[in-house]
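Examination of the molecular architecture
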Amino acid sequence: RHRQVLGAIKTLSDRLVRLDAHVRDLAALNPTDHAAIQLLADEGPQSMGAIAERLGVSSAAATAVVDRLERSGHAVRTPMQEDRRRVLVSQTESSRALLAGVLGRIVYRIDERLTAFDDDEIANLKLMLELYVDVIDETLASEDHPSTR
């Protein structure tokens, strides 16, 4: 029984890696730029220092990332009110719409298929997914790598 579940988890993990690559290709982003956009999408506008820290790169490298994201229309810099020399970097609406479009279609299809499950099955599926996320979070936290913070 467990082997079948572990096999399904491996298949899911493989598909998520492929989906991540597909989204990066669709948005014309390299892995570092995609990680920066994901940070902005998940946590909102960030300072350049916060981007550098979260990506585990130097200030100069973070600047290069944001330069590329701006040129490609994925991000904008806005001067901070309290210190106009500093900027906040935000994801653009067009970038948000592009990336949400792919994930939105997937969520819609999953939602349609979940209607075939009863409440107990949904509860068990939710528990399994939470376990999966918890194990990933624990693994990433134990690795102590800047990109996992």
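Residues numbered from 1 in each chain as written. Predicted model: local features only at pLDDT ≥ 70, side-chain atom pairs only at ≥ 80, totals over all residues. Heavy atoms only, no water.

1. Quick look at the sheet that holds strand 1 (residues 46–47)
The sheet built from three strands is open, its strands ordered 1-3-2 with antiparallel pairing. Of all strands in the sheet, those with a lone pairing partner are strand 1 and strand 2 (75–79), marking the two edges. Here two bridges tie strand 1 to strand 3 (residues 87–91), and the two strands are oriented antiparallel to one another. Bridge pairing in strand 3 places Ser47 opposite Leu88. Sheet strands touched by helix 2 (residues 31–43): strand 1, strand 2 and strand 3. Its angle to strand 3, the strand with the most contacts, is close to 90 degrees. Across the face of the sheet, helix 4 (residues 59–71) comes into contact with strand 2 and strand 3 while running at roughly 115 degrees to strand 2. (Pairing = 2+ DSSP bridges. Helix = DSSP H or I, 4+ residues; strand = E, 2+ residues; numbered from the N terminus. Contact = heavy atoms within 4.5 Å. Axes fitted to C-alpha atoms, helices over the stretch in contact; angles between N-to-C directions.)

2. Notes on the layout of surface pockets
Taken as a whole, the largest pocket spans an internal volume of roughly 1,600 Å³. Leu16, Leu19, Asp20, His34 and Gln38 are the residues nearest the centre of the largest pocket, which is lined by 38 residues in total. Elements supplying a minimum of two residues to the lining of the largest pocket: helix 1 (2–27), helix 2, helix 3 (48–55), helix 5 (93–114) and helix 6 (119–143). Top element by residues in the lining of the largest pocket is helix 5. It accounts for nine residues. Along the walls of the second largest pocket sit Val5, Ala8, Ile9, Leu12, Ile110, Leu114, Leu125, Met128, Leu129 and Tyr132, which together make up its complete lining. Counting only elements with at least two residues in the lining of the second largest pocket, the list comes to helix 1, helix 5 and helix 6. For the lining of the second largest pocket, a count of residues per class yields 10 nonpolar, no polar and no charged. (1 Å grid on protein atoms, 1.4 Å probe; cavity = no way out; pocket = protein on both sides within 12 Å on 5 of 7 lines; lining within 4 Å. Points joined across faces, edges and corners; volume = space filled by probe spheres on them. Nonpolar A, V, L, I, M, F, W, Y, C, P; charged D, E, K, R; others polar.)

3. Quick word on the side chain of Ser47
Note on placement: Ser47 falls in strand 1. From its side chain, Ser47 meets the backbone nitrogen of Ala50 in a polar contact 3.1 Å long. For Ser47, the contacting residues outside a window of four places in its chain are Arg86, Val87 and Leu88. (Polar contact = N/O pair within 3.5 Å; in protein donor to acceptor, adjacent residues only side chain to side chain.)

4. Quick notes on the pattern of salt bridges
Any two side chains of opposite charge can pair, given that their charged atoms come close. In this structure the tally under the stated criterion is nine salt bridges. For Arg54, the salt bridge goes to Glu43, with nearest N and O atoms at 2.9 Å. Placement of the pair is Arg54 in helix 3 and Glu43 in helix 2, with a sequence separation of 11 residues. Notably, a salt bridge pairs Arg77 with Asp67, separated by 2.7 Å at the nearest N-O pair. With Arg77 in strand 2 and Asp67 in helix 4, the pair connects residues that are 10 residues apart, well separated along the chain. (Salt bridge = Lys/Arg side-chain N within 4 Å of Asp/Glu carboxyl O.)

5. Quick notes on the environment of Ser72
Positionally, Ser72 belongs in the loop between helix 4 and strand 2. On a C-alpha basis, the gap between Ser72 and Asn124 in space is 42 Å, while along the polypeptide they are 52 residues apart. In this structure the side chain of Ser72 is engaged in a polar contact, spanning 3.2 Å, whose partner is the backbone oxygen of Leu69.

6. Here's the deal with the packing of helix 3 against helix 4
Packing of helix 3 against helix 4 leaves a shortest axis separation of 9 Å and a crossing angle of 105 degrees. Classed by the angle they form, the pair helix 3 and helix 4 counts as roughly perpendicular. Contact residues: Met48, Ile51, Ala52 and Leu55 in helix 3; Ser59, Ala62, Thr63, Val65 and Val66 in helix 4. Residue composition of the contact of helix 3 with helix 4, by class: seven nonpolar, two polar and no charged. (Parallel < 35°, antiparallel > 145°, perpendicular 65-115°, else oblique.)

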